Amino acid sequence: MKIAWFYFASPSTFYRLAGWLAPWFFVLAAILGAAGLYVGLFVAPTDAQQGEVYRIIFVHVPASWMSMFIYFVMACYGAVSLTFNTRLAAMMARALAPTGAMFTFVALWTGSFWGRPTWGTYWVWDARITSELVLLFLYFGFIALANAFEDPRRGDRAAALLALIGLVNLPIIYFSVVWWNTLHQGSSVKFTGTTMQVEMLWGMLLVALSFWMYSIGASLTRVRAIILEREGRTHWARSLAT
Amino acid sequence: MNVAAAPLAPAQPEGSFGAGFAWAFARDMKLAVRHPGETLLVVAFFVLVASLFPLGIGAEPQLLQRVGPGVIWVCALLAAFLSLPGMFASDYADGSLEQMTLSPHPMVGWTAGKIAAHWFASGLPLTVLSPLLGLQYGLDGATLAALAAALLLGTPVLSLLGAACTALTLGARGGGMLLALLALPLFVPVLVFGAGAAEAQASGLTAAPHLSILGAGLILAVMGLPPAVCAAVRIAMD
């Protein structure tokens with residue numbers, strides 16, 4: 001059997017696929033999010049050191065994971081669009097950037113609300129927080145550069161290259177709590193095991209999955225708008241309006 | 001002799017990295033020498049901004065010693081950033097960049113030459129001047145040496161990162177602010193370790209770890225960024 005690998009690489013076919021898939025991802029995000037918040041707010045026990053305030057972890061850590069993961073995926077789409085000169089990959093990179101910037105902002109915001117009661121300050125200039133702030137500016141730079149040109153393809157290529165250059169920031173964020181001795185606590189979840197209660201871990205993983213599904217749904221919805229903007233003059237796009 | 005009209009293609013048809021580097025370096029240095037105003041403006045800006053801080057935050061010696069390395073580094077960052085448009089943007093505007101892409105030399109050669117010329121005209125004068133400014137802030141000899149060494153290792157990285165960012169924004173709308181949004185966040189690690197070197201020395205520790213990390217960053221930037229600059233110039237030329 002011959003598989004048509006590139007059938008959905010065409011914007012017109014992917015437009016329909018994205019429109020069909022996006023609602024399902026939003027439904028999954030809602031179910032997983034509700035389950036994760038239930039586990040996090042009602043099932044998980046109170047933390048021995050921090051009390052109830054630790055429960056912000058169920059938003060903070062998943063949002064931070066997604067902020068880095070979405071940047072990585074965005075840079076991968078950028079690399080694909082530069083090497084294979086595909087239109088759809090560049091559009092996906094553009095569609096991911098606002099969601100990634102939103103999660104970066106949420107991670108910083110919830111972090112400062114967590115820092116106030118536990119560290120006694122909204123903001124410290126430690127390595128992880130500063131590198132996460134740099135990530136937010138990288139997202140803003142990506143969005144600004146992608147929209148700074150008359151020719152959208154030119155913006156696609158320049159922004160993809162910027163995303164690849166900015167990729168060096170990701171290991172700095174991830175390992176910052178290991179490399180520097182800072183106020184920000186190290187990670188409790190590792191590939192080799194965890195120092196957390198099982199219920200806490202499940203709550204965090206469920207919310208992370210929910211954010212993941214939301215990111216897919218949001219970027220698919222956004223890529224549909226980008227496809228329509230770019231392909232507005234084509235026959236298939238015009239036939240949608242009639 | 002008119003510099004802009006100098007023959008771009010060399011006598012031999014085979015291009016090489018070294019010949020392209022030497023040609024672009026000599027051309028941009030000649031331009032910098034013929035327009036000394038631009039280079040002097042960068043240096044004047046550096047000195048002026050560094051002199052404004054003691055007036056703004058108060059002239060207590062302890063305070064100045066504490067903030068001195070950081071202030072000088074931020075000034076170096078801004079001065080390197082302000083001189084970026086001279087690297088590619090003016091050549092892009094008058095079409096000479098397009099002519100250079102037609103030269104037989106590999107692009108990585110002559111772009112590296114332009115980056116090196118940018119560092120000679122902006123980073124090197126700042127490094128040489130930094131001990132003088134450090135004296136204004138009351139830094140002691142060892143701290144001045146650490147500061148100058150950190151600037152010597154860090155400012156080439158600024159030129160390389162800035163070259164990639166300014167090449168990406170060629171022909172973009174909202175040039176200056178967009179370039180700031182792209183370049184300044186990428187400059188942050190250089191600022192952290194550069195200022196950290198002098199501060200470690202001032203607080204009685206050794207600057208060696210910071211200088212080692214800056215040196216490692218310089219090696220990485222020298223190897224990784226010129227291809228990225230070439231890719232950005234090619235995107236601009238499409």
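Note that the coordinates shown come from a computational prediction; the quantities given were computed from them, not determined experimentally.

(A) Up close: the overall build of chain B. If you tally the helices and strands in chain B, you get nine helices and zero strands. Along chain B, helices (α) and strands (β) appear in the sequence α-α-α-α-α-α-α-α-α when read from the amino end. Computed over the C-alpha atoms, the radius of gyration of chain B is 19 Å, within 12% of the 18 Å expected from 2.2 N^0.38 for a compact globule of 238 residues. Taken over the C-alpha atoms alone, chain B extends approximately 60 × 35 × 30 Å along its principal axes. For chain B, buried positions account for 47% of its 238 residues.

(B) Focus on the overall build of chain A. Each helix and strand in chain A was counted, giving eight helices and two strands. Counting from the amino terminus, helix and strand elements in chain A follow one another as α-α-α-α-α-α-β-β-α-α. Among the 242 residues that make up chain A, the fraction classed as buried is 40%.

(C) Region of interest: the packing of helix 4 (residues 127–146) of chain A against helix 8 (residues 175–202) of chain B. As a packed pair, helix 4 of chain A and helix 8 of chain B sit with axes 9 Å apart at the nearest point and diverge in direction by 150°. What the angle tells us is that helix 4 of chain A and helix 8 of chain B run roughly antiparallel. As for how helix 4 of chain A packs across helix 8 of chain B, the hand of that crossing is left-handed. Residue-level inspection shows Val134, Phe137, Leu138, Phe140, Gly141, Ala144 and Leu145 of chain A of helix 4 of chain A in contact with helix 8 of chain B, the latter providing Leu178, Leu181, Leu182, Pro185 and Val188 of chain B. In the contact of helix 4 of chain A with helix 8 of chain B, the residues fall into eleven nonpolar, one polar and no charged.

(D) How the structure looks around the confidence of the model for chain B. For chain B, mean pLDDT is 86; residues scoring 70 or higher make up 95% of the total. Predicted complex metrics record ipTM = 0.83 and pTM = 0.87.

(E) Representation of the interface of chain A and chain B in the model. At the interface, 15 residues of chain A touch 16 residues of chain B. No other element matches helix 4 of chain A, which puts seven residues into the side of chain A that touches chain B. Broken down by class, the residue content of the side of chain A that touches chain B amounts to twelve nonpolar, one polar and two charged.

(F) Representation of the environment of Ile235 of chain B within the structure. The topology assignment puts Ile235 of chain B in helix 9 (residues 208–237). Counting along the chain gives 33 residues from Ile235 of chain B to Ala202 of chain B, while the straight-line C-alpha distance between them is 45 Å. The residues touching Ile235 of chain B, leaving out its near neighbours within four places in the chain, are Arg154, Arg157, Ala158 and Leu161 of chain A.

(G) Representation of unusual backbone geometry in the model. Residues and elements named next belong to chain A. Positive phi values are uncommon outside glycine, yet Asn85 reaches one of about 55°. Inspection of the secondary structure assignment puts Asn85 in the loop between helix 2 (57–84) and helix 3 (87–119). Accessibility expressed as a C-beta count within 10 Å gives 12 for Asn85, which makes it exposed.

(H) The confidence of the model for chain A, seen in detail. Per-residue pLDDT for chain A has a mean of 86; in total, 93% of the residues score no lower than 70. The least confident element of chain A, judged by mean pLDDT, is strand 2 (residues 193–194) of chain A at 60; the most confident is helix 2 of chain A at 92.

What counts, and at which threshold
Residues numbered from 1 in each chain as written. Chains lettered and ligands numbered in written order. Predicted model: local features only at pLDDT ≥ 70, side-chain atom pairs only at ≥ 80, totals over all residues. Helix = DSSP H or I, 4+ residues; strand = E, 2+ residues; numbered from the N terminus. Rg over C-alpha atoms; globule rule 2.2 N^0.38 Å. Buried ≥ 20, exposed ≤ 12 C-beta atoms within 10 Å, placed from the backbone. Axes fitted to C-alpha atoms, helices over the stretch in contact; angles between N-to-C directions. Parallel < 35°, antiparallel > 145°, perpendicular 65-115°, else oblique. Left-handed = near helix turned anticlockwise from the far one by under 90°. Contact = placed C-beta atoms within 7 Å. Nonpolar A, V, L, I, M, F, W, Y, C, P; charged D, E, K, R; others polar. pLDDT = per-residue confidence, 0-100.

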